Amino acid sequence: MPISNNFTSIYNKDWEINFTQCMPNGFLKYTDLCNLLQLTAASHSEIGGISFSDMQKFNQAWVLSRMRVEITELPKWKDIVTIKTWINTLENSRSVRALEMYVNGKKIAGSETFWAVFNTKNRRPEPLALPFEHFVLYPENKATEKSFSKININHDTEIVFEKIVSISDLDIVNHVNNVKYLEWCLDFVEEKLILNQNIKSFEMNFLKELSLKDQVVIHENLSDEVMIFSITKDDKTCFALQLNLE
């Protein structure tokens, strides 16, 4: 679609937290926090003329490569949250986008995300085929205290689960949705750490895509303050998650 008359380089969108997005304690799930961030980024891309629909004319899509989320507190059921987003950098086949979540004007979470342009036919990165010069970039305006990083995976890890990718794991780009990786790993975190909001930040590295019927193994490596999960296929790492605990 063409660039919207309402387009702005700094974008705000409100969401109401509904009960399907909440944990048993009534607070937003970490996976749904990531979903809301991604949906807000998609909404901004849509009014800016670089949405999935726009890019599919060139067999392209944005895919998430790295993500860092820092959390002060989680919103709860019926809260109205405002997510603010802007782009730090955008060039060729890659972009860094910042996102912040607010409740009643108070910032409760921030995220830095790294996206790549992906050709959905040849399954490889390539330069963005659409114009993007109308986006004002804000390279110095950070949403997190620390930037995303490459997660250091200790290969001396414990295998906690093996699974086969099913149809419910796939998204519109026909590979495992980024939030699914997080969901798989969080299922092996002690419940009280999640319900008591002891996860103060986490990072995700998306390294190789997974497709239907792929056989994967989930590994974990634990310490008092950091939990690292990795997902492998044929002994090659496809995903890494680092949870930083309070």
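From a predicted model like this one, the values you see are computed outputs, not experimental measurements.

A. Here's a closer look at helix α1 (residues 30-47). An ideal rise of 1.5 Å per residue puts 26 Å on 18 residues; α1 measures up with 26 Å between its terminal C-alpha atoms. Burial runs high along α1: 13 of the 18 residues are buried. Phi for Gly49, located one or two positions after α1, is positive at around 80°.

B. Up close: the packing of aromatic side chains. Under the criterion given, the structure shown has eight aromatic pairs. Ring centres of Tyr181 and Phe239 lie 4.8 Å apart, and the angle between their planes is 20°; on these two criteria the pair is classed as stacked. Here Tyr181 is found in helix α3 (residues 178-186), whereas its partner Phe239 is found in strand β11 (residues 236-245), with 58 residues between them in sequence. Assessed through its relative accessible area of 0%, Phe239 is described here as buried. Three or more aromatic residues link up through ring pairs in this structure, and these residues are Tyr181, Trp184, Phe206 and Phe239. Its end group placed over the ring of Trp15, Lys13 keeps NZ or CZ at 5.0 Å from the ring centre.

C. Representation of the nonpolar core within the structure. Membership of the largest hydrophobic core comes to 63 residues, with the highest contact counts inside it found for Phe202 and Leu243. Considering each element in turn, this core owes the most residues, seven residues, to α1. Those residues in contact with Leu243 that lie beyond four places of it in its chain are Leu186, Val189, Ile199, Ser201, Phe202, Glu225, Val226, Met227 and Phe229. Within the second largest apolar cluster, five residues are counted, among which are Ala61, Val63, Phe118 and Val173.

D. Fine view of the side chain of Ser230. Tracing the backbone through its elements, the reader meets Ser230 in strand β10 (residues 226-233). A relative accessible area of 4% places Ser230 in the buried class.

E. Seen up close, α3. Burial analysis of α3 places seven of its nine residues in the buried class, the great majority of the element. Taken as a whole, α3 has its buried residues at Asn178, Val179, Tyr181, Leu182, Trp184, Cys185 and Leu186. For α3, the N-terminal cap is Asn177; the gap from its side-chain oxygen to the backbone nitrogen of Val179 is 2.9 Å.

Rules used throughout
Residues numbered from 1 in each chain as written. Predicted model: local features only at pLDDT ≥ 70, side-chain atom pairs only at ≥ 80, totals over all residues. Heavy atoms only, no water. Helix = DSSP H or I, 4+ residues; strand = E, 2+ residues; numbered from the N terminus. Expected span 1.5 Å × (residues − 1). Buried < 20%, exposed > 50% of the residue type's maximum accessible area, 1.4 Å probe, protein only. Phe/Tyr/Trp six-rings, centres within 6.5 Å; stacked < 30°, edge-to-face > 60°. Lys NZ or Arg CZ within 6 Å of the ring centre and 35° of its normal. Core = buried A, V, L, I, M, F, W, Y, C linked by side-chain atoms within 4.5 Å. Contact = heavy atoms within 4.5 Å. Polar contact = N/O pair within 3.5 Å; in protein donor to acceptor, adjacent residues only side chain to side chain.

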